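# Results of the structural survey
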Amino acid sequence: MGYFGEGQDVTFDGPVFPTRGGTVEGVLAALDEVYGMDADPVRGHVMFYATTLMEGHPATEVCRRAYAKYMKKNMLVREIAPGLQRLEQEVKRMAIELLGLPDGTRVNMTSGGSESLYCGINAAYQWAKDVKPEITQPEIVIPYSAHAAFSKWCHYTGIKIKRVPLGPGYRANVEAMEEAITPNTIMLAGSAPCWPYGLYDPIESIAALAEKRGLWMHVDACIGGYQAAFVEKLGVKLPNWRIGQIPGVCSMSADLHKHAYAAKPLSTIFFKNKELQKYHWFHPADWPSGPYATEALMGSFPASSVASAWAVMKYLGEEGYIELAKATLEARKRYVEGINSVDGMRCWDTDLCVLLFETGALDTLAVMAGLFERQSFVFPIYQPMLIQVAVDPVSVEVTDTFVRTLREVAQGVREGKITSEPLMKLM
Ligand SMILES: Cc1ncc(COP(=O)(O)O)c(C=O)c1O
């Protein structure tokens, strides 16, 4: 299983599970060897470490130690563990404070952006059962660029999904979204920003439409939320995106394991108030073990991720996050200048942390293949063909290594020495 395709069939010559266990040193040495097979943090940053901070940054060390300390603990039973409760409550409160959300905003933790989106759609569905009981075939209307997780959840649940073509400039087309609304529509959504193009949808207009038509509105700030809050403090003007700031927004997702730099898996879903959060909860009791109260979809929930978020937030504080946002903007500038200086390459204007570039006359997939061969992994965008980089507060070494590699690859593609063939095997 992976980003590019389903799991390959893997065959081994002999058994993999040992009859006799190993030694601590032996197992860890073997693990080091496997770890070393992946790209190093400098070359692999764009894909492996993107949004997780650099290996070697002190906040990463704090994160690692907090994670290890709590690795055996389970948030599922926090009611009987005052320490876990404290961690949970402080992380939730810090999330609200650092995003600048009003008191009364409610928050739940989930395993990541996908789960937060599932919870947003589910809350809309439960709400619609309450306020629009006549709907038997619920539908959601979202921009074409919204994350794939919206489609996954609709596939799992049978909710109909309508992805509406984007307007000029690759942002949501609100008029077209309005036209797509039917009597069965329960929810609208917009991204802040979207993953494919790094652009903010007109959240205020979509929310106004949702209010006008009596629909649930979800903002997907999974990748942007915890970065935007600090970039704005540096004076960068972004379109309004926050729950609490825009009246029609009912729920919003923002991932702690992205630009809040907690360990994976951890995200937050916010509800405008307790009234709307009630559509999130489901505590089944129809089995022999009685009530089973969970935070979201997961049952057992790693306390290690929550502890990592707590530790990183306390370590960085507002000033630390602002410093990182500043470093991110600087890294972004350096990437843009470097990439634009490679013959034929041109960066797009994006709003925040997702950088895109065209490869001009060069075959984009061949450029990607060359980057992959050199372990400078990047993400593809297919409509149109673009290369995507998720920008972090990385060092000059990371940006410059990438640009140097790109220059070398571009030359190889130009001379016909690098083709897309090796990449095709992955897809
Ligand atoms: C805008 C957006 N939404 C949702 C997700 C899904 O997040 P996750 O990979 O944590 O499930 C992502 C991931 O990059 C994203 O960028």
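Structure's up top.
The sections below set out a description of the structure shown in this document. (Residues numbered from 1 in each chain as written. Predicted model: local features only at pLDDT ≥ 70, side-chain atom pairs only at ≥ 80, totals over all residues. Heavy atoms only, no water.)

### Quick word on the environment of Ser 376
Its location among the elements puts Ser 376 in the loop between helix H11 (364–373) and strand S10 (379–381). Taking the relative accessible area as the measure of exposure, Ser 376 reaches 1% and is therefore buried. On a C-alpha basis, the gap between Ser 376 and Lys 129 in space is 48 Å, while along the polypeptide they are 247 residues apart. Look past the residues within four positions of Ser 376 in its chain and what remains in contact with it is Arg 43, Leu 371, Phe 402 and Thr 405. (Helix = DSSP H or I, 4+ residues; strand = E, 2+ residues; numbered from the N terminus. Buried < 20%, exposed > 50% of the residue type's maximum accessible area, 1.4 Å probe, protein only. Contact = heavy atoms within 4.5 Å.)

### Some details on the sheet that holds strand S11 (residues 386–390)
In spatial order, the strands read S8-S9-S11-S10; together these four strands make up an open sheet with antiparallel pairing. Where the open sheet ends on each side, the last strands, each with one partner, are strand S8 (346–347) and S10. Across the sheet, helix H10 (residues 303–340) touches S8, strand S9 (354–358) and S11, and the angle it forms with S9 is around 5 degrees. (Pairing = 2+ DSSP bridges. Axes fitted to C-alpha atoms, helices over the stretch in contact; angles between N-to-C directions.)

### Looking at the state of the cysteines
This structure, assessed with the given rule, holds zero disulfides. Cys 194 carries a free sulfur, and the closest cysteine sulfur to it, the one in Cys 353, is 10 Å from it. Owing to a relative accessible area of 1%, Cys 194 belongs among the buried residues under this scheme. (Disulfide = S-S within 2.5 Å.)

### Focus: the site of the ligand
Around the ligand lies a shell of 13 residues, among which Gly 113, Ser 114, Asp 220, His 257 and Lys 258 are the nearest. With respect to the ligand, the side chain of Ser 114 contributes an N or O atom lying 2.6 Å from an oxygen atom. A distance of 2.7 Å separates a nitrogen atom of the ligand from a polar atom in the side chain of Asp 220. Its free accessible area being 390 Å², the ligand has 83% of it covered by the protein chains. Broken down by element, the residue count for the shell around the ligand peaks at three residues, all from helix H4 (residues 113–131). Its residues assigned to classes, the shell around the ligand shows five nonpolar, five polar and three charged. (Near = heavy atom within 4 Å. Polar contact = N/O pair within 3.5 Å; in protein donor to acceptor, adjacent residues only side chain to side chain. Areas by Shrake-Rupley, 256 points an atom, 1.4 Å probe, with all protein chains shown as cover. Nonpolar A, V, L, I, M, F, W, Y, C, P; charged D, E, K, R; others polar.)

### Structural notes on the environment of Thr 136
Turning to its location among the elements, Thr 136 is positioned in the loop between H4 and strand S2 (139–143). Using a relative accessible area of 64% as the deciding quantity, one classes Thr 136 as exposed. Sequence separation between Thr 136 and Asn 184 is 48 residues; the distance between their C-alpha atoms is 7.6 Å.

### A word on the pairing of S2
Two faces make up the sheet, and in a regular strand the side chains alternate between them. Counting buried positions over the five residues of S2 gives five, a clear majority of the element. Here S2 shows no split at all, with Glu 139, Val 141 and Pro 143 on one side and Ile 140 and Ile 142 on the other all buried. Relative to strand S3 (residues 160–164), S2 runs parallel, the two sharing five bridges. Counted as the bridge partner of Ile 142 is Arg 163 from S3. Crossover S2 to S3 through helix H5 (residues 148–157) is right-handed. Sheet analysis places S2 next to strand S4 (residues 185–191), joined by three bridges and oriented parallel. Looking at S4, one finds that Val 141 is bridged to Leu 188. (Right-handed = clockwise from strand over helix to strand, strands pointing away.)

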